[in-house]
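# Summary of the model geometry
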Amino acid sequence: MDPSEHILILDFGSQVTQLIARRVRESGVYCEVVPFHNGEAAIAKRSGLKGIILSGGPASVTSAETPRAPDAVFTSGLPVLGICYGQQSLVAQLGGTVESSDHQEFGRAMITVATDCPLFEGLWRETESHQVWMSHGDRVTALPDGFSVVATSEHAPFAAIADVERGYYGLQFHPEVVHTPDGAKLLERFVRGICGCRGEWTMARFRDVKIEEIRAQVGQHKVICGLSGGVDSAVAAVLIHEALGDQLTCVFVDHGLMRQGEAEDVVSLFRGHYNIPLVHVEAAELFLGKLDGVSDPERKRKIIGATFIDVFEAEAKKIGGADFLAQGTLYPDVIESVSFTGGPSVTIKSHHNVGGLPERMNMQLVEPLRELFKDEVRALGKELGLPDVFVGRHPFPGPGLAIRIPGAVTAEKCDILRKADAIYLDEIRKAGLYDAIWQAFAVLLPVRAVGVMGDGRTYDYVLALRAVTSTDGMTADFYPFDMQFLGRTATRIVNEVRGINRVTYDITSKPPGTIEWE
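Just so it is clear, the structure is predicted and the values come from calculations on it, not from any experiment.

About the cut-offs
Residues numbered from 1 in each chain as written. Predicted model: local features only at pLDDT ≥ 70, side-chain atom pairs only at ≥ 80, totals over all residues. Heavy atoms only, no water. Helix = DSSP H or I, 4+ residues; strand = E, 2+ residues; numbered from the N terminus. Expected span 1.5 Å × (residues − 1). Buried < 20%, exposed > 50% of the residue type's maximum accessible area, 1.4 Å probe, protein only. Contact = heavy atoms within 4.5 Å. Pairing = 2+ DSSP bridges. Axes fitted to C-alpha atoms, helices over the stretch in contact; angles between N-to-C directions. Core = buried A, V, L, I, M, F, W, Y, C linked by side-chain atoms within 4.5 Å. pLDDT = per-residue confidence, 0-100. Phe/Tyr/Trp six-rings, centres within 6.5 Å; stacked < 30°, edge-to-face > 60°. Lys NZ or Arg CZ within 6 Å of the ring centre and 35° of its normal. Left-handed = near helix turned anticlockwise from the far one by under 90°. Nonpolar A, V, L, I, M, F, W, Y, C, P; charged D, E, K, R; others polar. Salt bridge = Lys/Arg side-chain N within 4 Å of Asp/Glu carboxyl O.

Okay, helix α14 (residues 411-430) next. Count 3.6 residues to each turn of an α-helix, and residues three or four apart come out pointing the same way. For α14, which comprises 20 residues, the first-to-last C-alpha distance of 29 Å matches the rise-based estimate of 28 Å (1.5 Å per residue) to within 8%. Lys-413, Cys-414, Ile-416, Leu-417, Arg-418, Ala-420, Asp-421, Ile-423, Tyr-424, Leu-425, Glu-427 and Ile-428 are the residues of α14 that are buried. Looking at the buried positions of α14, the neighbouring elements they touch are α9 (284-291), β15 (439-453), β16 (456-469), α15 (483-496) and β18 (500-505). Gly-432, located one to two residues past α14, shows a positive phi value of around 70°.

What follows covers the sheet that holds strand β11 (residues 248-254). Strands sit in the order β12-β11-β10-β13-β14 across an open sheet of five strands; the sheet is parallel. With partners counted over all chains shown, the strands left at the sheet margins are β12 (278-282) and β14 (364-366), one partner each. Strand-to-strand, the axes of this sheet are offset by a mean angle of 30°, without reference to chain direction. Direction of pairing for β11 relative to β12: parallel, over a ladder of five bridges. Residue pairing for β12: Val-253 is matched across the bridge by Val-281. Strand contacts of helix α7 (residues 231-244): β10 (222-227), β11, β13 (322-326) and β14, with the helix running at about 160° to β10, the strand carrying the most contacts.

On to the nonpolar core, then. Core analysis: the biggest nonpolar cluster contains 48 residues, and Tyr-424, Ile-428, Leu-463 and Phe-481 have the highest contact counts within it. Element by element, the count of residues in this core is highest for α14, at eight residues. The residues contacting Ile-428, other than those within four sequence positions of it, are Leu-433, Tyr-434, Ile-437, Ala-440, Phe-481 and Phe-485. Counting 44 residues, the second largest nonpolar core, distinct from the first, contains Leu-239, Phe-252, Val-266 and Tyr-274.

For the protein, mean pLDDT is 88; residues scoring 70 or higher make up 92% of the total. Note on residues 340-355: pLDDT is under 50 here. Beyond four places in sequence and across chains, it has 34 contacts.

So, on to the packing of aromatic side chains. The tally for this structure, following the rule as stated, stands at 14 aromatic pairs. When the centroid spacing of 4.3 Å and the interplanar angle of 15° are considered together, the rings of Phe-481 and Phe-485 count as stacked. Here Phe-481 and Phe-485 have matching classes, each one buried. Members of the aromatic cluster, each reached through a chain of ring pairs, are Tyr-424, Tyr-479, Phe-481, Phe-485 and Tyr-505. When the ring centre of Phe-441 is taken as origin, the NZ or CZ atom of Arg-404, which lies over that ring, is 4.0 Å away. A cation over a ring is seen here: Arg-429 above Tyr-434, with NZ or CZ 4.3 Å from the ring centre.

Let us look at the packing of α9 against helix α10 (residues 297-319). Relative to each other, α9 and α10 sit at 145°, their axes nearing to 10 Å. For the pair α9 and α10, the sense of crossing is right-handed. Residue-level contacts link Leu-286, Phe-287, Lys-290 and Leu-291 of α9 to Lys-300, Ile-303, Ile-304, Thr-307, Phe-308 and Val-311 of α10. By residue class, the composition of the contact of α9 with α10 is seven nonpolar, one polar and two charged.

Okay, the side chain of Lys-210 next. When you line up the elements, Lys-210 lands in helix α6 (residues 203-218). A relative accessible area of 6% means that Lys-210 is categorised as buried.

One pass over the full model with this rule turns up 31 salt bridges. The residue Glu-121 makes a salt bridge to Arg-189 at a minimum N-O spacing of 3.4 Å. With a gap of 68 residues between them, Glu-121 in the loop between β5 (97-113) and β6 (129-142) and Arg-189 in helix α5 (residues 183-194) connect regions that are remote in the sequence. As a salt-bridge pair, Arg-166 and Asp-163 come within 2.7 Å of each other at their nearest N and O atoms.

Printed below as a string of structure tokens:
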């Protein structure tokens, strides 16, 4: 997509860089995230580029060989906003001083506005105090020529700085996180007030532009799309079908690891509601056979991914004549992660996606969602008329229930977990909490416990319940259910699901845990 105006975010390895992009887009402005070492090339393309944001990062400007913004940032004539490490890099590169400090700031802090400036216009006034979120050890100690202090905190005398004439601004705090209550408004003020963006980034416009792009890319050729049952592939398929009609055929590989009723929902939605050509492959026996006796979570993921590829490839050959493969790749999947050294970041877990299809299939990719974040995909789904109950469905991992069953996976365990998970989600919906929770699910533990049912001894599985709140899945807190809800849900599960006699609730945040157990 070639928007008429956009913002460039240079990533220095912060864990929350994607949140900057989310906030910018929420203000109606398109933006892209690029590793700092690719910044010069991105700026050179600069058609429609209106401003540059320098992200935070874990490195220290005071150390040698740490990341720096390319000179093109400062010769572009564009407004620049530096956040945390980005502020320190901005200062150091323009002739100021950054030093390590004995007084680190991590968490909530109060800043005081020293003077009015265009970045604060309509938000913060001189002498006012406001809550922000700090996360830094180093701090600015001397400003470059042309800069002035516009806000201070107890341990950061240069908490916010500005060179109004050049349009350069620096924030020691993080406006992109929710713990800075006015942060989103500050970012909107920068991209719309300082950079002059009009804020025309909408899902309706994206839909129209993307349909034309799909038609131009594909022409009269055929497209196949692998459906996972999740929101991303479904939205991609409906968008492509709107662009191409019956040139699209969807393949739904039912691996037997879906939640209760999901396979039926997918088939009904695509064949019935949208009348999209759909091949439904029932392959549960094949997948479970491949997983027999496998306990390692990474091996499970790889087996499921490889088996999916085999089944999908066989079905693609049966269809014949398809030159394009569609998939629901999202923007977080294609952003190049960087470490503070500029190298690749550590892989926490591998992700199952159609993107692993072998080159021998010799197909071109159609990835209409690759510029969108998850919440934008949901908005696009609503724009396309997908039912709210489908668009608003909690995230579900590609490997399905296999990674919600630590240890070996069997058909019996899948059936037990499916029933228990359905009861849990049913209770959440009855309590009116489904939309307040980012993700909720049950985990069947590889543990058996002694119980008593009907005066008899049982020795059955333990079930863990998990529910988290989050804005993007990058960090998460457990949902604070009341004890009556947990007691009611546990009672239903134990009474209605044969094979479970004990229920626990996971109260681990992310970090240190991940949302899924495997």
